[in-house]
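Spelled out from the first residue to the last, the chains are:
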Amino acid sequence: QIRMNITTDNAVAEVKSSLSTDLVGNNNDIVYTSKLTGTAGDAITVAYIDPSENSQSLSVEVTGTDITVNLATDGGGLITSTGDEIKAAVAALPAAHALVGTADKAGNDGSGVVTAMVKTALSGGVNAVAATLPKLWVIGVK
């Protein structure tokens, strides 16, 4: 009598970390998707800063994996930056573009003015696991 146990290791596909904003207003939400592999993207953060000053320009800064979007304001200090402008500014800065890709969130077209957003991490990254061949274990021979 031979008893055998056959096992297989299941492969796991990589999942990129992401952040989908949920701001007040219409047509202003963006989905940020990590360009880093697996869980490494969970370290990326995005913040939208209201400068609370008049006539400021939109700018993006990167420190490590922290992306800070300094929002533009008009002469009265009101935020004027739109989702489309932020996507373009992130894409134009090599350090930010190396970390994330951007897209309009479903149901948004990027034309809406954004609001300030606290530093928020991307999440949901999964590291890939390669598949292996089945293993055959002979438990006993009689």
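Residues numbered from 1 in each chain as written. Predicted model: local features only at pLDDT ≥ 70, side-chain atom pairs only at ≥ 80, totals over all residues. Heavy atoms only, no water.

Draft legend 1. The arrangement of a nonpolar patch on the surface in detail. On the surface, a nonpolar cluster with roughly 250 Å² of combined accessible area is contributed by Val-12, Val-15, Val-126 and Val-129. Following the sequence through the fold, Val-129 ends up in the loop between β8 (117–121) and β9 (135–141). (Patch = residues over 30% accessible without salt bridge, like charges linked within 9 Å, V, L, I, M, F, W, Y side chains within 5 Å. Areas by Shrake-Rupley, 256 points an atom, 1.4 Å probe, with all protein chains shown as cover. Salt bridge = Lys/Arg side-chain N within 4 Å of Asp/Glu carboxyl O. Helix = DSSP H or I, 4+ residues; strand = E, 2+ residues; numbered from the N terminus.)

Draft legend 2. A look at the nonpolar core. Core analysis: the largest hydrophobic core is formed by 21 residues, its most contacted members being Tyr-32, Val-46, Tyr-48, Ile-67, Ile-86 and Val-100. If you list the elements that add at least two residues to this core, you get β3 (30–34), β4 (45–49), β6 (66–70) and α1 (83–92). Top contributing element to this core by residue count: α1, with 3 residues. Excluding anything up to four places from it in sequence, Tyr-32 contacts Ser-17, Ser-18, Leu-19, Thr-21, Val-46, Tyr-48, Ile-86, Val-90, Val-100, Gly-101, Thr-102 and Leu-122. (Core = buried A, V, L, I, M, F, W, Y, C linked by side-chain atoms within 4.5 Å. Buried < 20%, exposed > 50% of the residue type's maximum accessible area, 1.4 Å probe, protein only. Contact = heavy atoms within 4.5 Å.)

Draft legend 3. View of unusual backbone geometry. A positive phi angle, near 55°, is found at Ser-52, a position not held by glycine. Checked against the element boundaries, Ser-52 lands in the loop between β4 and β5 (59–63). Since its relative accessible area comes to 61%, Ser-52 is described here as exposed. You will see that Ser-55, though not glycine, has its phi angle at about 55°, which is positive. Position of Ser-55 relative to the elements: it lies in the loop between β4 and β5. Assessed through its relative accessible area of 52%, Ser-55 is described here as exposed.

Draft legend 4. Main features of the pattern of salt bridges. Counting across every chain of the model gives 5 salt bridges. Close ionic contact of Asp-66 with Lys-119 constitutes a salt bridge, the shortest N to O distance being 3.4 Å. Placement of Asp-66 in strand β6 and of Lys-119 in strand β8 is noted, with a sequence separation of 53 residues between them. Looking at Asp-66, the relative accessible area reads 25%, which means it is partly exposed. Overall, the relative accessible area of 54% leaves Lys-119 in the exposed class. For Lys-87, the salt bridge identified is with Asp-104, shortest N-O distance 2.5 Å. Placement of the pair is Lys-87 in helix α1 and Asp-104 in strand β7 (residues 100–104), with a sequence separation of 17 residues.

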